[in-house]
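Chain and residue survey
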Amino acid sequence: SIICIALYHVSAAVLTVSGLLTEFRENPVGLDIKKPSFIWQLRAPYRKVMQTAYKIQVATQADLLKKNKADLWSTDWVVSDTSVGVVYAGKDLPSFSTVYWQIKAKDQAGNESDWSPMATFVTSAMEPTALKSAWIGYDQAIGAEMPQDT
């Protein structure tokens, strides 16, 4: 008779980060918060998984994150089990821009996830000076004559 023994090995490939939210919303549009907060979930096929550290990358272009060259904020490993309400601590966010971010995490056994799928948020006016406007309209009523200097 053949005895088959299956070994279950936990690896980084099974530890994933998902459920990325910015200010409690998925890919929000129109944020005017200078320091938004981030949320994510750590997932694994085994019980009692606990995050022990994370990395965050934030960039102005998706391609920068793909190359691990975040231009707005990039952390080293932050030793923390926090995955709710992590506050942005990078460069000033640009107005009227799409911002891309992703997370990588470690569990209590030292297993490291791959980078999460990218999440986004779109900023609105981050400074009052970003709102530039001009009056749109006709300066006099239709059919009204301009007063003449006499």
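Reading the values: rules and limits
Residues numbered from 1 in each chain as written. Predicted model: local features only at pLDDT ≥ 70, side-chain atom pairs only at ≥ 80, totals over all residues. Heavy atoms only, no water. Core = buried A, V, L, I, M, F, W, Y, C linked by side-chain atoms within 4.5 Å. Buried < 20%, exposed > 50% of the residue type's maximum accessible area, 1.4 Å probe, protein only. Helix = DSSP H or I, 4+ residues; strand = E, 2+ residues; numbered from the N terminus. Contact = heavy atoms within 4.5 Å. pLDDT = per-residue confidence, 0-100. Phe/Tyr/Trp six-rings, centres within 6.5 Å; stacked < 30°, edge-to-face > 60°. Salt bridge = Lys/Arg side-chain N within 4 Å of Asp/Glu carboxyl O. Pairing = 2+ DSSP bridges. Axes fitted to C-alpha atoms, helices over the stretch in contact; angles between N-to-C directions.

1. Describing the nonpolar core
Ranked by size, the top nonpolar core spans 23 residues in total, and within it Phe38, Trp40, Ile56, Val58 and Trp101 carry the most contacts. Elements with a contribution of two residues or more to this core: β1 (16-22), β3 (37-43), β4 (51-59), β8 (98-107) and β9 (119-123). Excluding its chain neighbours within four sequence positions, the residues that come into contact with Trp40 are Val17, Ser18, Gly19, Leu20, Gln51, Tyr54, Ile56, Thr82, Ser83, Val86, Trp101 and Ile103.

2. Some remarks on the confidence of the model for the protein chain
Predicted confidence across the protein chain gives a mean pLDDT of 86, with 76% of residues reaching 70 or more. Looking over the protein chain, one finds the lowest element-wise mean pLDDT in strand β2 (residues 29-31), namely 94, and the highest in strand β5 (residues 73-74), namely 98. Contacts from residues 1-12, a stretch scored under 50 in pLDDT, to residues over four places away or in other chains number eight contacts.

3. Some thoughts on the packing of aromatic side chains
Each pair of aromatic rings is reported with the distance of its centres and the angle of its planes. Following the criterion strictly, the structure yields four aromatic pairs and no others. Between Phe38 and Phe121 the ring centres are 6.3 Å apart and the planes differ by 45°, which places this aromatic pair in the tilted class. Pair noted here: Phe38 is in strand β3 and Phe121 is in strand β9, with a separation of 83 residues, a long-range link. Here Phe38 matches Phe121 in class, with each residue buried.

4. A look at the pattern of salt bridges
Two side chains bearing opposite charge may form a pair once their charged atoms approach each other closely. Following the criterion strictly, the structure yields two salt bridges and no others. One salt bridge in this structure joins Lys66 and Asp63, with 4.0 Å as the shortest N-O distance. You can see Lys66 and its partner Asp63 sitting in helix α1 (residues 62-66), three residues apart, about one turn around the helix. Judged by its relative accessible area of 61%, Lys66 is exposed. The closest approach of N and O atoms between Glu112 and Lys104, which form a salt bridge, is 3.1 Å. By relative accessible area, Lys104 is classed as buried at 14%.

5. Here we look at the sheet that holds β1
Read from one edge to the other, the open sheet built from three strands follows the order β1-β3-β7, with strand pairing classed as antiparallel. Two strands bound the open sheet, and with one partner strand each, they are β1 and β7 (84-87). Pairwise comparison of adjacent strand axes, ignoring direction, gives a mean angle of 35° for this sheet. Sheet topology places β3 next to β7; three bridges connect them, and they run antiparallel. Each bridged residue has a counterpart across the sheet, and for Ile39 the counterpart in β7 is Val84.

6. A word on unusual backbone geometry
Residues other than glycine predominantly adopt negative phi, and peptide bonds predominantly adopt the trans conformation. One non-glycine residue, Glu23, adopts positive backbone phi at about 50°. With respect to the helices, strands and loops of the structure, Glu23 is situated in the loop between β1 and β2. Non-glycine residue Lys48 carries a positive phi angle of around 60°. Residue position: Lys48 is located in the loop between β3 and β4.

7. Some remarks on the pairing of β3
Side chains on a regular strand alternate between the two faces of the sheet. Counting buried residues along β3, five of its seven residues qualify, which places the element largely inside the surrounding structure. Of the strand pairs in this sheet, β1 and β3 are connected by five bridges, and their pairing is antiparallel. Of the residues in β3, the one forming a bridge with Val17 is Leu42.

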